[in-house]
There are 2 protein chains.
Amino acid sequence: ARELLADADFVLHDALVSAETLALCGPDTRLENVGKRGGRASVPQSETTARMIELARLGHFVVRLKGGDPFVFGRGGEELRDLVAASVDVVVVPGVSAAMAAPAAAGISLTMRGVASSLAVTAGEGDAPPARLRQLAASADTLVVLMAHGKLKAITATLVDVLGHDRPAAVISSATLPEQEVVTATLGSIAEEVRRAGLGPPATLVVGEVVAAAAANHRQVVALASFG
Amino acid sequence: ARELLADADFVLHDALVSAETLALCGPDTRLENVGKRGGRASVPQSETTARMIELARLGHFVVRLKGGDPFVFGRGGEELRDLVAASVDVVVVPGVSAAMAAPAAAGISLTMRGVASSLAVTAGEGDAPPARLRQLAASADTLVVLMAHGKLKAITATLVDVLGHDRPAAVISSATLPEQEVVTATLGSIAEEVRRAGLGPPATLVVGEVVAAAAANHRQVVALASFG
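No experiment lies behind these values; they were computed from the predicted model shown. (Residues numbered from 1 in each chain as written. Chains lettered and ligands numbered in written order. Predicted model: local features only at pLDDT ≥ 70, side-chain atom pairs only at ≥ 80, totals over all residues. Heavy atoms only, no water.)

Let us look at helix α3 (residues 45-57) of chain A. Residues and elements named next belong to chain A. Spanning 13 residues, α3 covers 19 Å between terminal C-alpha atoms, matching the ideal 18 Å at 1.5 Å per step. Residues of α3 that are buried include every one of Gln 45, Thr 48, Thr 49, Met 52, Ile 53 and Leu 55, and no others. The buried residues of α3 all sit within an arc of 165° when viewed along its axis, so they share a single face. Of the exposed residues in α3, the ones pointing more than 90 degrees away from its buried face are Ser 46 and Arg 57. (Helix = DSSP H or I, 4+ residues; strand = E, 2+ residues; numbered from the N terminus. Expected span 1.5 Å × (residues − 1). Buried < 20%, exposed > 50% of the residue type's maximum accessible area, 1.4 Å probe, protein only. Arc of directions from axis to C-beta.)

Further remarks concern the sheet that holds strand β3 (residues 62-65) of chain B. All names here are of chain B. Judged by pairing direction, the sheet is parallel, and its 3 strands sit side by side in the order β2-β1-β3 without closing on themselves. Since the sheet does not close on itself, it has two edges, and those belong to β2 (30-33) and β3, each with one partner. Direction aside, neighbouring strands of the sheet carry axes that sit 20° apart on average. Where strand β1 (residues 10-13) lies against β3, 4 bridges are found, and the strand directions are parallel. Bridge pairing links Val 11 to Val 63 in β3. Helix α3 (residues 45-57) contacts β1, β2 and β3 of the sheet and is inclined by roughly 170° relative to β1. (Pairing = 2+ DSSP bridges. Axes fitted to C-alpha atoms, helices over the stretch in contact; angles between N-to-C directions. Contact = heavy atoms within 4.5 Å.)

On the chain A side, the residues contacting the 62 residues of chain B number 62 residues. Roughly 5200 Å² of surface becomes buried between chain B and chain A when both sides are summed, with 60% attributable to carbon and sulfur atoms. Seen at the junction of chain B and chain A, the total is 4 salt bridges. Inspection of the chain B/chain A interface yields 19 residue pairs in polar contact (both at pLDDT 80 or more). Mapped by element, the contributors of at least two residues to the side of chain B that touches chain A are α1 (2-7), α4 (76-85), β4 (90-91), α5 (98-105), β5 (118-123), α6 (130-139), β10 (221-222) and α10 (224-227) of chain B. When the residues that make up the side of chain B that touches chain A are grouped by side-chain class, the tally is 35 nonpolar, 16 polar and 11 charged. The sheet contact formed by strand β5 (residues 118-123) of chain A and β5(B) spans 5 bridges and is antiparallel. (Buried area = accessible area lost by both parts, 1.4 Å probe. Salt bridge = Lys/Arg side-chain N within 4 Å of Asp/Glu carboxyl O. Polar contact = N/O pair within 3.5 Å; in protein donor to acceptor, adjacent residues only side chain to side chain. Nonpolar A, V, L, I, M, F, W, Y, C, P; charged D, E, K, R; others polar.)

All names here are of chain A. Two elements in contact, helix α6 (residues 130-139) and helix α7 (residues 152-163), have axes separated by 9 Å at closest approach and are oriented at 45°. Relative to α7, the element α6 lies oblique. Handedness of the crossing formed by α6 with α7: right-handed. In this structure, α6 uses Pro 130, Leu 133, Arg 134, Ala 137 and Ala 138 to contact α7, whose residues at the interface are Ile 155, Thr 158, Leu 159, Asp 161, Val 162 and Leu 163. Class assignment for the residues of the contact of α6 with α7 results in 8 nonpolar, 1 polar and 2 charged. (Parallel < 35°, antiparallel > 145°, perpendicular 65-115°, else oblique. Left-handed = near helix turned anticlockwise from the far one by under 90°.)

Mapped onto the elements of the fold, A:Gln45 is located in helix α3. A C-alpha to C-alpha distance of 8.9 Å links A:Gln45 and A:Arg75, two positions 30 residues apart in sequence.

So, about unusual backbone geometry. Residues and elements named next belong to chain A. The residue after Pro 201, namely Pro 202, is reached through a cis peptide bond having omega -5°. Position of Pro 202 among the secondary structure elements: in the loop between α8 (190-197) and β9 (203-207). Positive phi, normally seen in glycine, also occurs at Arg 75, with a value near 65°. Note on placement: Arg 75 falls in the loop between β3 (62-65) and α4 (76-85). In the Ramachandran plot, Ser 87 falls in the positive-phi region, its phi being about 65° despite a non-glycine side chain. Assignment of secondary structure puts Ser 87 in the loop between α4 and β4 (90-91). Looking at Ser 87, the relative accessible area reads 59%, which means it is exposed.

In structure tokens form, the structure reads like this:
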């Protein structure tokens, strides 16, 4: 990934990509912020894709730089589909999804021999209906819900129906960043605990016995960001 | 992660960690191969953990370097639990799990608006019973089975019970490596197609409509390894 950034003619990046990462670009690389957040008006998805195709057709080596894993609730699949339809060759560099990075940063192992041998991932602010959330909770040992902050109360209420009030749960806010915060509680009380602690988005919810198995870890797992 | 390797007194690494990665270690870093594969006899897990604790107690800065994401079927949770029990402070650097990297390297997006909004991950050669596999298949839009090579015929036969013969499926072998190969077929025929193509382990199975959505991608998604 470093080499691709160093060699790129253009880097189309999201607003949340860090300055450290952008510093890996070459001296002649032109940067374009196509982020959906940030100070100015956001760039529509269709425009970003059209820009990539335009630059690629002009013979430029274009890097589309996204945070996390764009193939897990990141629209990477849509961008790739449209690029392929436009006959653009693409190299995909897998990223680290918040689905796995956020629990890891809190010392929570998603699987653990004798505790959990399967995991499911979905998004809180997407199109997954409560019925699907119930099914996932019932079938996977560990459940990870991304973008869980906005609907945390509704999500946990739905999950309590299937898993009961006492299932261990954790919410990781701003995972891996200096402002990372972790709240652990039971499924029945975590929404209230998160509210009380004042945790903001982005937040990842993890539900399952792995959270209890990791409960002792939180104090001794030093946040990567605070380590330096 | 680069800085941690550069600063480490000791790096205890798996056999499969690449020479390029090990080259990131500092000039005074001592390397110890504690891999479970490789030419010589494998090092038992308990010995690796004991060695980490011993070195940490002597005041050394120790990096445990594993491939993929050790918190997803990688025993990272067990190592962390034992280190915490021994009062060792730990920094966790999240990795890229094959569960997400293998599909990405084949151009398969695990979620896609309108196609899939949930995914489940389990392992083929673990302790997940067929009943659990059926539940996961029924509840998640996309199912990823790691270490699927050895039991591919049995796994796909179990999944056909729930999803039918025609559900799109892909097997990615040696993902992201120069020898990466991808076979796509229906769930009912993929085991035979993989056998016919002679694909070896490690292999990741992906089942779901996202595979069909990505079918056109395989030719145009240039493997990262072959790109350079």
